[in-house]
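# Survey of secondary and tertiary structure
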Amino acid sequence: MDAMGNIAVIGSGSWATALAKLLLGNRDRIGWYVHRQDRIEEFMRFGHNPVYLSDVAFDTRRIDFTDDINRACEAADTLVLVVPSPYFKDTVDKITVDISGKNIVSAVKGIVPDSDMIISDYMCSRFGCREENMLVVGGPCHAEEVALERLSYLTIGCRDTSKAEAFASVIDGKKMKTIISADVNGIEYAAVLKNVYAIAAGILHGMKAGDNFLAMMVCNAIREMARFVDAISPLENRDICRSAYLGDLLVTAYSRFSRNHNFGSMIGKGYSVKAAMMEMEMVAEGYFGTKCIHRINGTGPRVEMPILECVYDILYRNVSPRRAVEAITSGFRY
């Protein structure tokens, strides 16, 4: 058996569905935890996820579905966690079996809200998982484009790069290329921050601030990301311009598939935060990430983060988008 062994997907949203499809391109079988039995029954009846990426067909005979997370965990050697961060803690805290020796792959592009911890830190703290067994999937990649079989790139991070290579081999394909990294924490924090900056980009779009100003904001956002990530997780020779950092920021800030951008756009157009959240069909994880990073930075590195503070003021202090944006423009670095 290879280094990854039996693989189970934990989660049933669009990104979980896209990753499951990739895995089945290289695996005979996978396990799949879906929290609702009625969704499993519909999936098996129609051969596709009934809610997300429903155009993607599956051979359900090759999938061991279960609505029991502990059953999925017991049967697997590698767990691929793909649960939106606001629901992550409630989901994984149902695990009662020992998973400390398993490979844990986080494809969660967010942070655990109640603890302000990135996923790898939470899994090591809560379940005793080993750092060398923690893997992370980084962008730039939208589930929708993976489903459309458009050429895409993912970064697989693990302190043990041989394990990153092993997982890469089970998602590689003609339309999926992988990059290996040892920067687990940096990739995770960057994934949280790019959602925050995508909200900022959406706000500017909604305000009709123009492409010129948006480009300047994104240039400053990547500098801000670098300051924070380098302060909270120092790593020699980290290149912030690589795809897991800058690439993921760009695709999330500009793409029509970006829920965080779309959420921000509604705010920029005058929607209240509550109304925008009600309008969204999927979770805008940057809303929660903004508050978490604001707290982490305030008690930890305390680096200069004007764009994050701008988004925080709009989302949590009810400052008008125009006023909040105007307050930071003079500080932009050219």
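Scope of this entry: the structure provided in the associated data block. (Residues numbered from 1 in each chain as written. Predicted model: local features only at pLDDT ≥ 70, side-chain atom pairs only at ≥ 80, totals over all residues. Heavy atoms only, no water.)

### Regarding the sheet that holds strand β8 (residues 134–138)
We count it as follows: Whether two strands pair comes down to DSSP finding at least two bridges between them. Strands are runs of DSSP state E lasting at least two residues, helices are runs of H or I lasting at least four, and both sets are numbered from the N terminus onward. Fitted lines through C-alpha atoms serve as axes, helices being fitted only where they are in contact, and the angles separating the N-to-C directions of these axes extend from 0 to 180 degrees. Should any heavy atoms of two residues lie within 4.5 Å, those residues are counted as being in contact.
Strand order in the open sheet formed by eight strands is β3-β2-β1-β4-β5-β8-β9-β10, and the pairing between neighbours is mixed. Edge strands, defined here as strands with exactly one partner in the open sheet, are β3 (63–66) and β10 (176–181). Strand-to-strand, the axes of this sheet are offset by a mean angle of 20 degrees, without reference to chain direction. Relative to strand β9 (residues 152–158), β8 is paired through four bridges, and the arrangement is antiparallel. Residue pairing in the sheet places valine 136 in a bridge with glycine 157 of β9. Contacts between helix α8 (residues 184–206) and the sheet are confined to β5 (103–106), β8, β9 and β10, with β8 contributing the most and set at about 40 degrees to the helix.

### Side note on the state of the cysteines
Our working definition: What counts as a disulfide here is a pair of cysteine sulfur atoms lying within 2.5 Å. We call a residue buried when its accessible area falls under 20% of the maximum for its residue type, exposed when it is over 50%, and partly exposed in between, using a 1.4 Å probe and counting protein chains only.
According to the stated counting rule, one finds zero disulfides in the structure shown. Take cysteine 241: it sits in no disulfide, and the sulfur closest to it among the cysteines is that of cysteine 219, at 9.9 Å. You can see cysteine 310 has no disulfide; the closest cysteine sulfur is in cysteine 219, sitting 17 Å from it. Look at cysteine 310 and you get buried, because its relative accessible area is 6%.

### Details of the packing of helix α5 (residues 119–127) against α8
Applicable threshold: What sets the label is the angle itself: under 35 degrees gives roughly parallel, over 145 gives roughly antiparallel, 65 to 115 gives roughly perpendicular, and the rest give oblique. Residues are grouped as follows: Ala, Val, Leu, Ile, Met, Phe, Trp, Tyr, Cys and Pro are nonpolar; Asp, Glu, Lys and Arg are charged; all remaining types, including Gly, are polar.
Axis separation between α5 and α8 bottoms out at 9 Å; the angle between their running directions is 120 degrees. Comparing the axis directions of α5 and α8 gives the class oblique. Residue-level contacts link Ile119, Ser120 and Asp121 of α5 to Val184, Asn185 and Glu188 of α8. Of the residues contributing to the contact of α5 with α8, the split by class is two nonpolar, two polar and two charged.

### Some details on the pairing of β10
How we decide: Place the viewer so that the strands point away; then a crossover is right-handed whenever the path from the first strand over the helix to the second strand goes clockwise.
Relative to β10, β9 is paired through six bridges, and the arrangement is parallel. Across the sheet, the residue bridging to leucine 154 is threonine 178, located in β10. The β-α-β motif built from β9, the intervening helix α7 (residues 161–169) and the parallel element β10 has right-handed crossover chirality.

### Structural notes on the pattern of salt bridges
Selection rule: For this analysis, a salt bridge means a side-chain nitrogen from Lys or Arg found within 4 Å of a carboxyl oxygen belonging to Asp or Glu.
Within this structure, the stated rule accounts for 14 salt bridges. What emerges from the salt-bridge pattern is a single network uniting Lys89, Asp93 and Arg126.

### Topic: the side chain of lysine 194
In plain terms, the rule: By the criterion applied in these results, polar contacts are pairs of N or O atoms within 3.5 Å in which, for protein atoms, one can donate a hydrogen and the other can accept it, and in which residues neighboring in sequence qualify only through two side-chain atoms.
Counting through the fold element by element, lysine 194 comes out in helix α8. Separated by 3.2 Å, the side chains of lysine 194 and asparagine 195 make a polar contact. In this structure the side chain of lysine 194 is engaged in a polar contact, spanning 3.4 Å, whose partner is the side chain of threonine 252. Lysine 194 has contacts with Lys109, Met225, Asp248, Leu249 and Thr252, leaving out every residue within four places of it along the chain.

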